[in-house]
Amino acid sequence: MTADEFKAEAAKIRNAAMASAMRYVGNTDVAEDIVQDTMLKMWSMCPALKKPAGPLATVLIRNACIDHLRRHRQHCSIENMCIEEPVQGDADTVRMARMMEIVDRLPDTQQVILRLRHMQGMEMREIADITGMSEVNIRKVLSRARQAVRDKFMKGDKG
């Protein structure tokens, strides 16, 4: 693709790329940066690009947005959470405390895997490496743990 063809393609896909990035990140400035970085990446590939460039831009935007969200994911330390004494009247805090009581009573393996996945944000592969289990087993244990928490929570049980 020539430089002029690239400019024409970039002008066509820019609005759609911006809208796509906004759906992922929800911040105009961040979306603009992601679109700009994507366009620069595509510019560096210009001689090898073929028309239409829109599908490639869509994939690159999505991947860049996911990378951004992973890098800027908010983490919270479980040690800093006050789940023993919820604030009266705060329904979300009460539900969270109740759910944590249920998690605390799960079998050790289920509890560890559930905490690593949902509270530490680890990927299945990382959990498998830590526990020495296969990813398939991790998924099964995680599914059973989620089901146990869901069932006990819906019944109103704490343990």
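Residues numbered from 1 in each chain as written. Predicted model: local features only at pLDDT ≥ 70, side-chain atom pairs only at ≥ 80, totals over all residues. Heavy atoms only, no water.

Draft legend 1. Up close: the confidence of the model for the protein chain. Looking at the protein chain, the pLDDT average stands at 82 and 87% of residues meet or exceed 70. Element-level pLDDT for the protein chain is lowest in helix 4 (residues 91–104), with a mean of 82, against a maximum mean of 91 in helix 2 (residues 28–44). Every residue in residues 81–87 scores below 50 in pLDDT, and together they form 9 contacts with partners more than four places removed in sequence or on other chains. (pLDDT = per-residue confidence, 0-100. Helix = DSSP H or I, 4+ residues; strand = E, 2+ residues; numbered from the N terminus. Contact = heavy atoms within 4.5 Å.)

Draft legend 2. Looking closely at the nonpolar core. Counting 21 residues, the largest nonpolar core has Phe6, Val35, Met42 and Ile61 as its most contacted members. Broken down by secondary-structure element, the contributors of at least two residues to this core are helix 1 (3–25), helix 2 and helix 3 (54–71). Within the second largest apolar cluster, 16 residues are counted, among which are Leu106, Met124, Ala145 and Phe153. (Core = buried A, V, L, I, M, F, W, Y, C linked by side-chain atoms within 4.5 Å. Buried < 20%, exposed > 50% of the residue type's maximum accessible area, 1.4 Å probe, protein only.)

Draft legend 3. Expanded view of the packing of helix 2 against helix 3. Interhelical geometry of helix 2 versus helix 3 gives an angle of 130° and a closest axis separation of 10 Å. Here helix 2 lies oblique to helix 3, going by the angle between them. For helix 2 against helix 3, the interelement crossing comes out right-handed. Residues Val30, Ile34, Val35, Thr38, Lys41 and Met42 of helix 2 form the contact with helix 3, whose participating residues are Ala57, Leu60, Ile61, Ala64, Cys65 and His68. Of the residues contributing to the contact of helix 2 with helix 3, the split by class is 9 nonpolar, 2 polar and 1 charged. (Axes fitted to C-alpha atoms, helices over the stretch in contact; angles between N-to-C directions. Parallel < 35°, antiparallel > 145°, perpendicular 65-115°, else oblique. Left-handed = near helix turned anticlockwise from the far one by under 90°. Nonpolar A, V, L, I, M, F, W, Y, C, P; charged D, E, K, R; others polar.)

Draft legend 4. Expanded view of the packing of aromatic side chains. Applying the stated criterion across every chain, the model contains 1 aromatic pair. Between Arg98 and the ring centre of Phe153, over which it is positioned, the NZ or CZ distance is 4.0 Å. (Phe/Tyr/Trp six-rings, centres within 6.5 Å; stacked < 30°, edge-to-face > 60°. Lys NZ or Arg CZ within 6 Å of the ring centre and 35° of its normal.)

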